[in-house]
Amino acid sequence: MKIVILAGSPNRKGSSNLLADCFRQGAEEAGHTVEIIDAAYADIHPCTGCIHCGYEGPCAQKDGMERIRPAILGADMLVFATPLYYYGMSAQLKTLIDRFCAFNGSIQRRHMKSALLAAAWNDDSWTFEALEAHYKTLVRYLGFEDMGMVLGAGCGTPSMTQHSRYPQQAYQLGNRLK
Ligand SMILES: Cc1cc2nc3c(=O)[nH]c(=O)nc-3n(C[C@H](O)[C@H](O)[C@H](O)COP(=O)(O)O)c2cc1C
């Protein structure tokens, strides 16, 4: 499978990227190809809502999405990797997802697989409730097949994350993919 990870943390060596790297290692060892798109440092501007694209067509904005769009449409699986920011995904990742607007139907028709990797400081039982609900709604709307979630509670720093069970979970999620 061709897997694209959409990474949404501004911390290049942070916790969610650590989970993404472990997932990548597992998936590559299982024979998949993995590309990481760094949404935090890509040249991606917020959707202006102009609907010049008609929800399926060229976007009026000419930026990094011109390269990212074909990468996404060529993928069999999308992985969303994000820090938890105010109980949702990071704005960096959401900005990229909003730009799906210009190729929404194409994404839906591909019936891609998907997964969620997330890191948060807190470890209350409800820490990931809102993010999980959002992700599951995206899966439903975009016609994805959910392959799993790694919800790294208590992963407030890379050191906390390294000492948690979540890097291994991320590796296994990638490695178990058929
Ligand atoms: C702007 C901001 C908002 C945050 N909001 C939350 C939150 O709502 N809940 C939580 O548990 N942690 C929150 N955190 C902590 C991060 O999710 C946590 O430190 C995470 O490990 C950062 O991941 P990263 O290293 O991949 O950037 C927040 C951090 C920042 C900078």
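Look up: the structure comes first, before these words.
Everything numeric here is computed off the predicted structure, so don't read it as measured data.

Parameters at a glance
- Residues numbered from 1 in each chain as written.
- Predicted model: local features only at pLDDT ≥ 70, side-chain atom pairs only at ≥ 80, totals over all residues.
- Heavy atoms only, no water.
- Near = heavy atom within 4 Å.
- Polar contact = N/O pair within 3.5 Å; in protein donor to acceptor, adjacent residues only side chain to side chain.
- Areas by Shrake-Rupley, 256 points an atom, 1.4 Å probe, with all protein chains shown as cover.
- Helix = DSSP H or I, 4+ residues; strand = E, 2+ residues; numbered from the N terminus.
- Contact = heavy atoms within 4.5 Å.
- 1 Å grid on protein atoms, 1.4 Å probe; cavity = no way out; pocket = protein on both sides within 12 Å on 5 of 7 lines; lining within 4 Å.
- Points joined across faces, edges and corners; volume = space filled by probe spheres on them.
- Nonpolar A, V, L, I, M, F, W, Y, C, P; charged D, E, K, R; others polar.

Undergrad: Which residues make up the site of the ligand, and what are the values?
TA: If you check the shell around the ligand, you find 16 residues, and the closest are Ser9, Ser15, Ser16, Leu84 and Cys155. A distance of 2.7 Å separates an oxygen atom of the ligand from a polar backbone atom of Leu84. In this structure, Ala119 approaches the ligand through a main-chain N or O atom, which is 3.3 Å from an oxygen atom. For the ligand, whose accessible area on its own is 640 Å², the fraction buried by protein is 77%.

Undergrad: Account for the environment of Lys178, with residues named and values stated.
TA: The topology assignment puts Lys178 in the segment after α7 (166–175). Spatially, the C-alpha atoms of Lys178 and Ser159 are 31 Å apart, while their sequence positions differ by 19 residues. Apart from residues lying up to four places away in sequence, Lys178 is in contact with Met1 and His32.

Undergrad: Which residues make up empty space enclosed by the protein, and what values go with them?
TA: Applying the stated criterion across every chain yields a total of one cavity of 30 Å³ or more. Taken as a whole, the largest cavity encloses approximately 90 Å³ of empty space. Considering the residues around the largest cavity, the lining is formed by 13 residues, among which Cys47, Cys50, Cys53, Cys59 and Ala102 are closest to the centre. For the lining of the largest cavity, the class distribution of residues is nine nonpolar, three polar and one charged.

Undergrad: Residues and numbers for the environment of His45, please.
TA: With respect to the helices, strands and loops of the structure, His45 is situated in the loop between β2 (33–38) and α2 (65–73). C-alpha separation for the pair His45 and Gln92, spaced 47 residues apart in sequence, amounts to 9.6 Å. With near-sequence residues (within four places) excluded, His45 lies in contact with Gln61, Asp63, Thr95 and Arg99.

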